[in-house]
Structures are given as C-alpha cells and as structure tokens.
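For reference, the chains in residue letters:
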Amino acid sequence: MTTTLRPSGPIQSGADGAQVRAYEVCDNGRPVGAVEIGTEPGSAGETGRLLSLRIDESVRGRGRGTIAVLAAEEVLRGWGCTQVRTEVAADNTAGQRLTAALGYTERSRNMIKSLPSLPPPPADGLVARSMTPEEFARWEDGAVAAYAGSLITRGTSEEAALRIARTSHAQHLPDGLETEGAHLYLVIHDGESVGYVWVARFEMHPGLLVGYVFDVEVHEGFRGRGYGRALMLQAERIALSAGDEQLGLHVVTANTPAVRLYESLGYEPTRYNLIKQL
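Residues numbered from 1 in each chain as written. Predicted model: local features only at pLDDT ≥ 70, side-chain atom pairs only at ≥ 80, totals over all residues. Heavy atoms only, no water.

1. Overview of the overall build of the protein chain
Here is step 1 of the chain: Broken down by element type, the protein chain carries six helices and 13 strands.
Here is step 2 of the chain: Along the longest, intermediate and shortest principal axes, the C-alpha atoms of the protein chain span 70 × 40 × 30 Å.
Here is step 3 of the chain: Counting all 278 residues of the protein chain, 42% fall into the buried class.
Here is step 4 of the chain: Considering only intrachain contacts with a sequence separation of at least 6, the fraction spanning at least 24 residues in the protein chain is 62%.
Here is step 5 of the chain: Accessible surface computed for the protein chain: about 14,400 Å², of which carbon and sulfur atoms make up 50%.
Here is step 6 of the chain: Counting 27 positive and 34 negative side-chain charges, the protein chain places the centres of these two groups 8 Å from one another. (Helix = DSSP H or I, 4+ residues; strand = E, 2+ residues; numbered from the N terminus. Buried < 20%, exposed > 50% of the residue type's maximum accessible area, 1.4 Å probe, protein only. Contact = heavy atoms within 4.5 Å. Areas by Shrake-Rupley, 256 points an atom, 1.4 Å probe, with all protein chains shown as cover. Lys, Arg positive; Asp, Glu negative; His and termini not counted. Charge placed at Lys NZ, Arg CZ, Asp CG, Glu CD.)

Below you can see the structure in the form of structure tokens.
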C-alpha cells in the first residue's frame, strides 16, 4: 500500500494573503479520502493550517490518516511554513488521538455553557453598568492592541496583526456602543471599575448561534479576589436577557486560572485549537 496526496484543484489565494488547496488521499492511485490545507491570513506564509481530513470509513484504522497528515505537513514545509495549526472537535476522540500522536499541542479551546433559566444574582457590593462613550473609547484602544498582540504570538506580523484586529473590531462593533446586540459592561466596587465584559450574539461554530463572550478582563490590581467570577455571571445575565440559552467563549490554554474558572462555572470544551512546529 502506498498512500499519497494528489491535488484535486488549484491553489486558491485570498486578498488577505492566505492560500488554500485541496488534495485527494490516494492508495496506489485510488482515492480513499481528502485533505485540505492552507496558510494563516497575515502570517506571511509562515503558519500553515490543516483545515480538514477525511478518510473513507471502509479503509479507516490502517494508518492512512497519519500518512496523509504527514504528507500535508511536508507540502506546507515546501510552502515555507514553520508551524501548522488545526482544530479538533471535543467529541472527535479519533482526531484527538491522531494529532496527539503526531506532536500537536493544545494552544486554546472553545467552551460553552447551557444557561440556567433564572439569571444568577449579582454579588453583594458589586454594581454592573454599561460603559460610557469615553470609557468605551479608552477600552477599544487597549482591546485592539491586546488582540493584535495575541495574533503576533501566533506568528502574524505586527502590521498584519494590527490590521486584522482593527478590522475585527470594526466588523463586530460597527456602531461602537450603539451596535445592535453588543453589550459592554463595567463591574464597579466601591466606586471603582474592577473589570469589564463584552457579550454579543455570535455564530461560534457553523450553525451554532449563541451568546458569546468576546472579551472579559479583571483589571490587574483587582485580580485574585473573585471578580472574574462576578464578570462571568454578569455575562450570563446579559445573555439571558437577550434571549440566549447558551454562552460561549474562547480561552488560551496557558491561562490556567481562566480555564479553571470556566470549568468551575460549568463550561465544557467544544473544540481544541492545536499547533505544531514544523
């Protein structure tokens, strides 16, 4: 048995600099599956993406998936990629085993919680209120810079990261505080803002429309005092008041306190975002 990849179409290039190509997975020239790879937008071709992998059910369990992924990685090396990212659903145990065996490690995860019918009460002494226009302007500058910084750590160039971050905020908050369905709140204790949360409805995964925590943070001087939990409970109240029954989020795995907080609040993974150095 010889497993190889055969292009099933030309390289597709996007305006954002990314490219994508699909391949057939073949055994001695006979198609037995498919794989799709690409490059990360804004990474100058340095970060590859394993977008999808399918092996026909009748020939699974014989190592073809492993060979297909290794061959796809070799193609990405030829494109100049130095690392590759992929996503695996939380219920895809076979995909998790395959990527772990090939050296992929978790960079972040998406999580979701089914909300109770009654909103949680606010903690004693804490008040939640909407941001003022002045507060929003200060927050947005910092939020764009923080998002760009996270993209840079994933291999995106500084120039591209800032462009992507600004574009994302313009897309999700086109009218600032007046954007329909967007809720940006501060949590106040003894007259001081201890943190903020941004919640809006979002298609977290294809076909899964939920309330979504786009951004949440406890200010540095107030961390370790339970305000993170208070902010997340405020996010639940926002989502429930908007008619959402689920609340989703994304968290970097290295942020252990945040992961533990979300798990303690009942959030469960829906997807693992993995990375491997080539």
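2. Observations concerning the packing of helix α3 (residues 133–153) against helix α4 (residues 158–172)
Here is step 1 of the chain: Put simply, α3 and α4 touch, their axes get as near as 8 Å, and they point 130° apart. Comparing their axes, α4 and α3 come out oblique. When you trace α3 past α4, the crossing you get is right-handed. Judged by residue contacts, W139, E140, A143, V144, Y147, A148, L151 and I152 of α3 engage E158, A161, L162, I164, A165, R166, S168 and H169 from α4.
Here is step 2 of the chain: For the contact of α3 with α4, the per-class residue count stands at 11 nonpolar, two polar and three charged. (Axes fitted to C-alpha atoms, helices over the stretch in contact; angles between N-to-C directions. Parallel < 35°, antiparallel > 145°, perpendicular 65-115°, else oblique. Left-handed = near helix turned anticlockwise from the far one by under 90°. Nonpolar A, V, L, I, M, F, W, Y, C, P; charged D, E, K, R; others polar.)

3. Side note on the side chain of R85
Here is step 1 of the chain: Tracing the backbone shows R85 in strand β6 (residues 83–89).
Here is step 2 of the chain: At a separation of 2.7 Å, a polar atom in the side chain of R85 contacts the side chain of E40.
Here is step 3 of the chain: In this view, R85 contacts E40, T47, G48, R49, L50, R107, R154, L274 and I275; residues no more than four positions away in its chain are not counted. (Polar contact = N/O pair within 3.5 Å; in protein donor to acceptor, adjacent residues only side chain to side chain.)

4. So, the pattern of salt bridges
Here is step 1 of the chain: Evaluated as defined, the whole model comprises 14 salt bridges.
Here is step 2 of the chain: For R49, the salt bridge identified is with E40, shortest N-O distance 3.5 Å.
Here is step 3 of the chain: In this structure, R109 and E263 form a salt bridge, with 3.6 Å as the shortest nitrogen-oxygen distance. Within this pair, whereas R109 is found in strand β7 (residues 105–114), its partner E263 is found in helix α6 (residues 256–264), the two being separated by 154 residues in sequence.
Here is step 4 of the chain: On the accessibility criterion, R109 (11% relative accessible area) is buried.
Here is step 5 of the chain: The class for E263 is partly exposed, based on a relative accessible area of 43%.
Here is step 6 of the chain: Each of E40, R49 and R85 takes part in one network of salt bridges that share partners. (Salt bridge = Lys/Arg side-chain N within 4 Å of Asp/Glu carboxyl O.)

5. Describing helix α2 (residues 93–101)
Here is step 1 of the chain: Among all positions of α2, only G95, L98 and T99 are buried. Buried residues of α2, viewed axially, fall in a sector of 90°; they line one side. For α2, the exposed residues set more than 90 degrees away from the buried face come down to R97, A100 and A101.
Here is step 2 of the chain: On its buried side, α2 packs onto β5 (47–55), α1 (64–78), β6 and β13 (268–277).
Here is step 3 of the chain: Two residues or fewer after α2 comes G103, characterised by a positive phi angle close to 95°. (Arc of directions from axis to C-beta.)

6. Focus on the layout of surface pockets
Here is step 1 of the chain: Reported here for the second largest pocket is a volume of approximately 580 Å³.
Here is step 2 of the chain: Contributing to the lining of the second largest pocket are 23 residues, with L53, G65, A94, G95 and L98 lying nearest its centre.
Here is step 3 of the chain: Elements that contribute at least two residues to the lining of the second largest pocket include exactly β5, α1, β6 and α2.
Here is step 4 of the chain: Per-element accounting of the lining of the second largest pocket gives the leading share, six residues, to β5. (1 Å grid on protein atoms, 1.4 Å probe; cavity = no way out; pocket = protein on both sides within 12 Å on 5 of 7 lines; lining within 4 Å. Points joined across faces, edges and corners; volume = space filled by probe spheres on them.)

7. Some details on the nonpolar core
Here is step 1 of the chain: If you look at the biggest cluster of nonpolar residues, it comprises 27 residues, and the most contacted ones within it are V213, M232, L247, L249, Y262 and Y267.
Here is step 2 of the chain: Of all the secondary structure elements, the ones that give two or more residues to this core are β10 (192–205), β11 (208–218), α5 (227–241), β12 (246–252) and α6.
Here is step 3 of the chain: Of the residues forming this core, the biggest block, eight residues, is contributed by α5.
Here is step 4 of the chain: Judged by nonpolar contacts, the second largest core, of 21 residues, contains V32, I37, A72 and C81. (Core = buried A, V, L, I, M, F, W, Y, C linked by side-chain atoms within 4.5 Å.)

8. Things to note about the side chain of T39
Here is step 1 of the chain: Note on placement: T39 falls in strand β4 (residues 30–39).
Here is step 2 of the chain: We classify T39 as buried; its relative accessible area is 5%.

9. Points about unusual backbone geometry
Here is step 1 of the chain: A positive phi angle, close to 50°, is found at N28, a residue other than glycine.
Here is step 2 of the chain: Note on placement: N28 falls in the loop between β3 (19–27) and β4.
Here is step 3 of the chain: By relative accessible area, which is 59% here, N28 ends up exposed.
Here is step 4 of the chain: Phi is positive for D190, close to 55°, though the residue is something other than glycine.
Here is step 5 of the chain: Tracing the sequence through the fold places D190 in the loop between β9 (183–189) and β10.
Here is step 6 of the chain: According to the relative accessible area criterion, D190 is exposed, its value standing at 70%.

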